[in-house]
Structures are given as structure tokens and as C-alpha cells.
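The lines below spell out each chain.
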Amino acid sequence: MSSDTSSPSDAPAYDRVSVTLHWLVAALVVIQFATGWVWGIFERGSDPRFVLFRIHLVAGTAVLVLAVLRIGWRLTHRAPPLPQGTSRPITLAAKAVHGLLYLAILVQPALGLLTVTAFGKSLGRWPRDAHMMLVNIIAAIIMLHIAAAIWHQFILRDGLLRRMLPARKARAAAMK
Ligand code: HEM
Ligand code: HEM
């Protein structure tokens, strides 16, 4: 259903805290992939590799803290209902992908922390192996999520993306 002519204030949208946390976590997750994939091109023991690794640990730990806050917020605040007329399979798919994304931002940094702590050493290699194995799976789920957002924006043109934009940007997008 298109709401292109209505102002975003009367269209259901995510609250400011949800929007801020969504984009903060998304930006940090991009940093996680960028650092994790790029440090390998630098020699072991070199400065750039060390800096990228440090950024990975700090930003990744921030993902875990923000994920806990975000899930806490989500459990106590309702998400806007999906546009009317959304079919049942699509609703289920959206819920499944969102659930997997929440799981990913909890489990992946937790595995990372277990990998680098002394506790991780006593656990053996499995946290590292799981962290490495999940990388591509999480990347695929994020791609699916972004593809859905692009689909809504350019094919369905139902203003779904606006629900997850800061109010000012959402207003500007509505006027286009
Ligand atoms: C959402 C959060 C995270 C994502 C998406 C992520 C992603 C990645 C990626 C893409 C790699 C490189 C994999 C490869 O070389 O093929 C990696 C490796 C690694 N990550 Fe993370 N990471 C996250 C959080 C963390 C955290 C919080 C820590 C630790 C505090 C951490 C510790 C590590 C370590 C130690 C490695 C290297 C493992 C090795 O080569 O032995 N990660 N991660
Ligand atoms: C360019 C990147 C991204 C875009 C364009 C985007 C867009 C969106 C949009 C439009 C929604 C709202 C869907 C709705 O109205 O029902 C949403 C929800 C969500 N996004 Fe993203 N997103 C991006 C990246 C990410 C990343 C990297 C993550 C986490 C790893 C993520 C996790 C989530 C979650 C968990 C929800 C569900 C919110 C809820 O209802 O509880 N997103 N995203």
C-alpha cells in the first residue's frame, strides 16, 4: 500500500531509539566485516593489521552491548505493523530474517569474545571455528535484508524504508 502522499507523521514508524540503535549497529557491523576481511592483506605483526584487529575487538564488543540494549528496547516497545496487505509468507520471512539478525548480533560478538579471552582458550577452538563459519552465513542474511529494503524502496515503492529513517530524513523522502 502506498503512502507516498501522506506525511510520515501519520504513517507507522519505528521510534527514535529503535532507529538510532538500528543504524549504529548496522554501521558497526560494516566495520566488523571490513576489518575482519581486510587485516589479512597485511603481514602478521605489522601495525595496520594490529590496528584493524583492535578496531574489530572494540567495535565488535560495542555491537554486543548495543544488541542487548536493542533487544531489551524491542521487547518493551512495539514495532510498527507491516503494511496492510502484506502476505503471510512475506510476513513470516520478514520476522524470520529480523529474528536471525538479532541472533547474529548477539551470538557473533559473544563467540568473538570467547575466542580472545582466556576463557576461550580453555574452551578450545570451537568459538573461533564457529565465529569464522558464521561470517558468510551472517553476510548472506544481511544481503537478503538489504535486498528486501531495496525491493520495497524501488519496486513496491511502499515507503517501508522511511519507517526506519530519522524523522527529518523521512519527511524529506516523503516530499520527493
Ligand atoms: C557482529 C560482530 C562481528 C562480526 C560480524 C565479525 C566478523 C568477523 C570477520 C569477517 C572475521 C574474519 C574472518 C576470516 O578471516 O575469514 C572475524 C575474525 C575474528 N573476529 Fe570477529 N566479528 C564480530 C565480532 C567480534 C568480537 C566482539 C570479537 C572479539 C572481541 C571478534 C574477534 C575476532 C577474532 C579474534 C577473529 C580472528 C580469528 C582468527 O583469525 O583466528 N569478533 N570476525
Ligand atoms: C543498508 C543496510 C540496511 C538497510 C537499508 C536496512 C533497512 C531496514 C528497514 C527499512 C527496516 C524496517 C523494516 C520494517 O519496516 O518492517 C529494518 C529492520 C531491521 N533491521 Fe535493518 N537495514 C540495514 C542493515 C541492517 C543490519 C546490518 C542489521 C543487523 C545486522 C539490521 C537489522 C535489522 C533488524 C533486526 C530489523 C528488525 C527491527 C524490528 O522490527 O525489530 N539491519 N532494516
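In this numbering scheme, every chain counts its residues from 1 along its sequence in written order. Each chain gets a letter, beginning with A, and each ligand a number, beginning with 1, in the order they are written. Totals for whole chains, interfaces and linings use every residue, but because this is a predicted model, local features are given only for residues with pLDDT of at least 70 and side-chain atom pairs only at 80 or more, for both listing and counting. Heavy atoms throughout the structure, all of them, feed into the side-chain values; hydrogens and water do not.

An unreviewed UniProt entry lists the protein chain under the name Cytochrome b, from Aquamicrobium segne. UniProt positions are given in the numbering used here, feature names are shortened, and annotations may be inferred rather than shown by experiment. Listed in UniProt under the heading Sequence similarities (unreviewed entry), the comment for the protein chain reads: "Belongs to the cytochrome b561 family." UniProt, in its Cofactor (unreviewed entry) section for the protein chain, records the words "heme b".

A. Molecular detail of the coordination of the iron atom of ligand 1. Protein ligation of the iron atom of ligand 1 involves His56 (NE2) and His131 (NE2), the donor distances falling in the range 2.0 Å. Coordinating N, O and S atoms are those within 2.8 Å of the metal (3.2 Å for Na, K and Ca), and as water is not part of the atoms, a site may appear to have fewer donors than expected. A site with four donors is called tetrahedral when every donor-metal-donor angle falls between 85 and 135 degrees; four donors are called square planar, and six octahedral, when opposite donors sit more than 155 degrees apart and all other angles fall between 65 and 115; any other arrangement is irregular. Here the iron atom of ligand 1 binds six donor atoms, and the angle range of 87 to 179 degrees at the metal identifies the geometry as octahedral. On the criterion of sequence distance, the pair formed by His56 in helix α2 (residues 47-76) and His131 in helix α5 (residues 126-156) is long-range, its members being 75 residues apart. Pair check on accessibility: His56 and His131 agree, each one buried. Starting at the N terminus, helices and strands are each numbered in turn, a helix being any DSSP run of H or I of at least four residues and a strand any DSSP run of E of at least two. Burial classes: relative accessible area under 20% of the type maximum marks a residue as buried, over 50% as exposed, and values in between as partly exposed (1.4 Å probe, protein chains only).

B. Quick look at the side chain of Thr35. Relative to the elements of secondary structure, Thr35 occurs in helix α1 (residues 16-38). Classification of Thr35 as buried rests on a relative accessible area of 4%. Excluding its chain neighbours within four sequence positions, the residues that come into contact with Thr35 are Leu52, Ile55 and His56. The contact rule is simple, with two residues in contact once any of their heavy atoms fall within 4.5 Å.

C. The arrangement of the site of ligand 2 in detail. The criterion for a residue being near a molecule or strand is simple. One of its heavy atoms has to lie within 4 Å of it. In the vicinity of ligand 2 there are 20 residues, among which His22, Arg74, Tyr102, His145 and Arg163 approach most closely. For this analysis, a polar contact is any N or O atom pair within 3.5 Å, provided that within protein one partner can donate a hydrogen and the other can accept it, and provided that sequence-adjacent residues contribute only side-chain to side-chain pairs. Contact between ligand 2 and Tyr14: an oxygen atom at 2.6 Å from a side-chain N or O atom of the residue. The side chain of Arg74 places a nitrogen or oxygen atom 2.4 Å from an oxygen atom of ligand 2. Looking at the shell around ligand 2, the elements that each hand over two or more residues are α1, α2, α3 (88-116) and α5. Classes in brief: Ala, Val, Leu, Ile, Met, Phe, Trp, Tyr, Cys and Pro nonpolar; Asp, Glu, Lys and Arg charged; the others, Gly included, polar. A breakdown of the residues in the shell around ligand 2 according to their chemical character gives 14 nonpolar, three polar and three charged.

D. Local environment of the site of ligand 1. Within the structure, ligand 1 sits among 21 residues, and Gln32, His56, Gly112, Arg128 and His131 are positioned closest to it. In this structure, His56 approaches ligand 1 through a side-chain N or O atom, which is 2.8 Å from a nitrogen atom. The separation between an oxygen atom of ligand 1 and a polar side-chain atom of Arg128 is 2.4 Å. Of all the elements in the fold, those that place two or more residues in the shell around ligand 1 are α1, α2, α3 and α5. For the shell around ligand 1, a count of residues per class yields eleven nonpolar, nine polar and one charged.

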